[in-house]
Amino acid sequence: MARSGLHRVCTGLALMACIWALVVGMTASIAVARPGPLPGPGDDRSGVSRYFSGPQGMAIPTAPCDPAGPSATDGVMADQLNPQLDAKMAGHLNAYKMSCARMVTQAVKDRGLNPRAAAIAIATIIVEASMNNYSQAVDHTSIGLFQQQDWWGTREQRLNPAYATNAFLDAMEGVYGGGSWNDAPIGEVCWRVQQPREDLRHLYGIEAGDATLIANALWSGTSAGPKHPYASGRVVSGRSADGRLEAFAAGADGVYHSWQTAANGAWSPWRFAGGPRDAQLAVASNADGRLELFALSDSTFDHMWQTGPSAAWSAWENFGTGGHRLAAGNNADGRIEVFASNADGVFHRWQTAPSGGWAAWEGTHGGPANARLAMENAPDGRLEVFALSDSTFEHLYQTGVNGGWSAWENFGTGGHAVTASHNQDGRLEVFASNAEGVFHRWQTSPTSWSAWTGTGGIPDAELATSRSVDGRVEVFAINATTASHSWQTGPNAAFSQWETFGGGGTSIGAGNNADGRVEVFGTSHAGVYHRWQTGFATWSEWAWLNGSGPAIT
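As the structure is a prediction and not an experimental result, all values here were calculated from the model.

Analysis parameters
Residues numbered from 1 in each chain as written. Predicted model: local features only at pLDDT ≥ 70, side-chain atom pairs only at ≥ 80, totals over all residues. Heavy atoms only, no water. Axes fitted to C-alpha atoms, helices over the stretch in contact; angles between N-to-C directions. Helix = DSSP H or I, 4+ residues; strand = E, 2+ residues; numbered from the N terminus. Parallel < 35°, antiparallel > 145°, perpendicular 65-115°, else oblique. Contact = heavy atoms within 4.5 Å. Nonpolar A, V, L, I, M, F, W, Y, C, P; charged D, E, K, R; others polar. Salt bridge = Lys/Arg side-chain N within 4 Å of Asp/Glu carboxyl O. Buried < 20%, exposed > 50% of the residue type's maximum accessible area, 1.4 Å probe, protein only. Pairing = 2+ DSSP bridges. Phe/Tyr/Trp six-rings, centres within 6.5 Å; stacked < 30°, edge-to-face > 60°. Disulfide = S-S within 2.5 Å. Core = buried A, V, L, I, M, F, W, Y, C linked by side-chain atoms within 4.5 Å. Polar contact = N/O pair within 3.5 Å; in protein donor to acceptor, adjacent residues only side chain to side chain.

Q: Explain the packing of helix α2 (residues 72-81) against helix α3 (residues 95-111) to me, please; I cannot follow it from the model alone.
A: One can describe the packing of α2 onto α3 by two numbers: an axis separation of 8 Å at closest approach and a directional angle of 100°. For the element pair α2 / α3, the angle class is roughly perpendicular. Residues Asp 74, Gly 75, Met 77, Ala 78 and Leu 81 of α2 form the contact with α3, whose own contacting residues are Ala 95, Met 98, Ser 99 and Arg 102. Each residue belonging to the contact of α2 with α3 can be placed in one class, and the counts come to five nonpolar, two polar and two charged.

Q: Is there a simple way to explain the pattern of salt bridges in this structure?
A: Two side chains of opposite charge can pair, provided their charged atoms sit close to one another. Scanning all chains against the criterion turns up 18 salt bridges. The salt bridge involving Asp 66 is made with Arg 102; its shortest N-O contact spans 3.0 Å. On the criterion of sequence distance, the pair formed by Asp 66 in the loop between α1 (15-26) and α2 and Arg 102 in helix α3 is long-range, its members being 36 residues apart. Residue class for Asp 66 comes out buried when judged on its relative accessible area of 14%. The closest approach of N and O atoms between Arg 201 and Glu 188, which form a salt bridge, is 2.4 Å. With Arg 201 in the loop between α7 (186-194) and α8 (202-206) and Glu 188 in helix α7, the pair connects residues that are 13 residues apart, well separated along the chain. Overlapping salt bridges, with partners in common, bring together Glu 188, Arg 192, Glu 198 and Arg 201 in one network.

Q: I keep staring at the sheet that holds strand β3 (residues 235-239) and nothing clicks. Help me out?
A: Think of a sheet as strands paired side by side through backbone hydrogen bonds, with each pair either parallel or antiparallel. If you walk across this open sheet you meet the four strands as β3-β4-β5-β6, and the pairing is antiparallel. Each of the sheet's edge strands pairs with one partner strand only, and the pair in question is β3 and β6 (271-274). Looking at each pair of strands side by side, their axes are set apart by 30° on average, direction ignored. Pairing analysis gives three bridges linking strand β5 (residues 254-259) to β6, with the strands arranged antiparallel. Each residue of the ladder has a partner; that of His 257, found in β6, is Arg 271.

Q: Explanation requested: the packing of aromatic side chains in the structure shown.
A: Each aromatic ring pair is summarised here by two numbers: the centre-to-centre distance and the angle between the ring planes. What the rule picks out here adds up to 23 aromatic pairs. With 5.6 Å between their ring centres and 80° between their planes, Phe 319 and Trp 361 make a pair best called edge-to-face. One end of the pair, Phe 319, is in strand β10 (residues 317-321); the other, Trp 361, is in the loop between β13 (345-350) and β14 (362-363), and 42 residues separate them in sequence. Judged by relative accessible area, Trp 361 falls into the partly exposed class, the value being 28%.

Q: For this particular structure, what's the right way to read the state of the cysteines?
A: Here is the idea: a disulfide is a covalent bond, and it sits between the sulfur atoms of two cysteines. A complete count under the given rule lists one disulfide for this structure. Put simply, Cys 65 and Cys 100 are joined by a disulfide, and their sulfur atoms are 2.0 Å apart. One quick way to see it: the torsion about the S-S bond of Cys 65 and Cys 100 is about 85°, and its sign makes the bridge right-handed. Taken together, the residues span a long stretch of sequence, with Cys 65 in the loop between α1 and α2 and Cys 100 in helix α3 at a distance of 35 residues. There is no split in this pair, since Cys 65 and Cys 100 are both buried.

Q: Help me out: how do you make sense of the nonpolar core in this one?
A: Generally speaking, nonpolar side chains in soluble globular proteins are found buried as a group. Ranked by size, the top nonpolar core spans 52 residues in total, and within it Leu 93, Ile 122 and Ile 214 carry the most contacts. Mapped onto this core, the elements with two or more residues apiece are α2, α3, α4 (115-129), α6 (161-175), α7, α8 and α9 (208-220). At 10 residues, α4 tops the list of elements feeding residues into this core. Once residues within four sequence positions are removed from consideration, Ile 214 is found in contact with Leu 81, Leu 85, Leu 93, Met 98, Ala 101, Ile 122, Ile 126 and Met 131.

Q: Help me understand unusual backbone geometry, please; the structure alone is not making it clear to me.
A: Glycine aside, residues mostly have negative phi, and peptide bonds are mostly found in the trans state. One non-glycine residue, Asn 370, lies in the positive phi region at around 45°. Relative to the helices and strands, Asn 370 resides in the loop between β14 and β15 (372-377). Positive phi, normally seen in glycine, also occurs at Asn 402, with a value near 65°. Inspection of the secondary structure assignment puts Asn 402 in the loop between β17 (392-397) and β18 (409-413). For Asn 402, a relative accessible area of 29% corresponds to the partly exposed category.

Q: Honestly, the environment of His 485 in this entry has me stumped. Any pointers?
A: The topology assignment puts His 485 in strand β26 (residues 482-487). Overall, His 485 belongs to the buried group, its relative accessible area being 5%. In this structure the C-alpha to C-alpha distance between His 485 and Gln 497, which are 12 residues apart in sequence, comes to 8.4 Å. With residues near it in sequence (within four places) discarded, His 485 still touches Glu 474, Val 475, Phe 476, Gln 497, Trp 498, Glu 499, Phe 501 and Trp 539. Within the structure, His 485 has its side chain in polar contact with the side chain of Glu 474 (distance 2.6 Å).

Q: What's the story with the sheet that holds strand β16 (residues 383-388) in this structure? I'm lost.
A: Pairing within the open sheet is antiparallel, and its four strands lie in the order β15-β16-β17-β18. Where the open sheet ends on each side, the last strands, each with one partner, are β15 and β18. Across the sheet, the mean angle from the axis of one strand to that of its neighbour is 20°, orientation sign disregarded. Strand direction decides the pairing type here: β17 and β18, joined by four bridges, are antiparallel. Directly across from Phe 393, in β18, lies its bridge partner Gly 412.

Q: Explanation requested: α7 in the structure shown.
A: Note: α-helices contain 3.6 residues per turn, so residues at a spacing of three or four share the same orientation. Where burial is concerned, most of α7 is hidden: eight out of the nine residues are buried. Every buried residue of α7 is listed here: Ile 186, Gly 187, Glu 188, Val 189, Cys 190, Trp 191, Val 193 and Gln 194. Looking one or two residues beyond α7, the residue adopting positive phi is Gln 195, at roughly 60°.

Written out as structure tokens, the structure is:
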């Protein structure tokens, strides 16, 4: 068998040694990862470059990824993710492999990079080692998750997921300077860092979708959805467990629904889903990955939910009486909590167990009447609620993780609309609009706030926020005549000047695709439009969301 120029014949006493060579050849990684300049055309730097088809490979010894071993959460997350995967690892995740992906993701976080960098690293370890930290050489001297040869470091270093991940990221940032890896396809980035043969280039891209799903689950600490709430309003979106965005718009005759037919992909036609008329909407993710939609009108409050992760939707079920506005988010333990306002103040209702039943409605001992609501998670997981009426602005927060609630505190004067987001370092940012423009206030520490600061912006705007893939907060505003956009100039940094983002409309929402690109939804009397990032700093033009959808007044 010819292998890297070595020809061996299985005869006589050499039989067992030859069989071992065959086994190693069958299980070799696709690339012998090496630093240095990229190969030129026809320059095969890939060593054996053999991609094994079985996700488990042969019985090659492995080293622990987490010195403490896999956690119980690793096993639960593996079980939840397995049915959602489409490529090499589908059905083959286990607690050990999840512990390896978790350690890689933590190294990316500690370095200050974003979930996309984690997806790039995870796609690489799927292809190279099926997420196994191989402690015995597979190709030549290649070991570990990334199958790095001895010039990458000592044996102990290459078997240390944090060291190996940072070595990989060093090489990635050397090839893609200035963060340009954010704008390149995941598979292409992996290939250029690992440098296998040209004919094996496509293998990394095959794993990009699954790697993104795993990275996003580990980044938020759950496979069930984001740690931070989705915004509420007349048009909302949430991401299914398989990465597809699902959008809902509230028309005069009920709720309409459209969804991506593939993660990061095109949209379905609109489906009329019934439900309350002229509703305010909120969407949240159950701990088991199922999205749940809440619809509040002036006469009723209903909800419906996915019958399984990424599955079809239930019929509507009553959730309460009518009100004014609502917000929904997740406790640190995954339980959904819902707030709603009416003429008597602000009320809330919460799940008594993750993905479980509901407590009865309870008052919050006040709160502004008929308030517009926004909700965010503090860095430690505590929920915080912001309630803005025409005349006052108040603030409520959990006194402990998954715990009880504070008394209402004054947070400012009245206004038109409110939205909240979080910096890369976890500090919250709150934006509010009034007749003079858009203002914001941010945490200067986990327990203290800045004063209100004007940003300019358009008057009496509806507001939405999202976050770019590198963690910068982006703010979108729309009123009857124009739409505008402002963004942080760097993570945790100051905001840009407002730029025109389109014509006028009636409401605005924003979400993130599975690959991190922001997608913005705008409504008008004519229907629902969307605009999306084509890279991570460039935008499409406005277009119908696969048909006009409902008119939103």
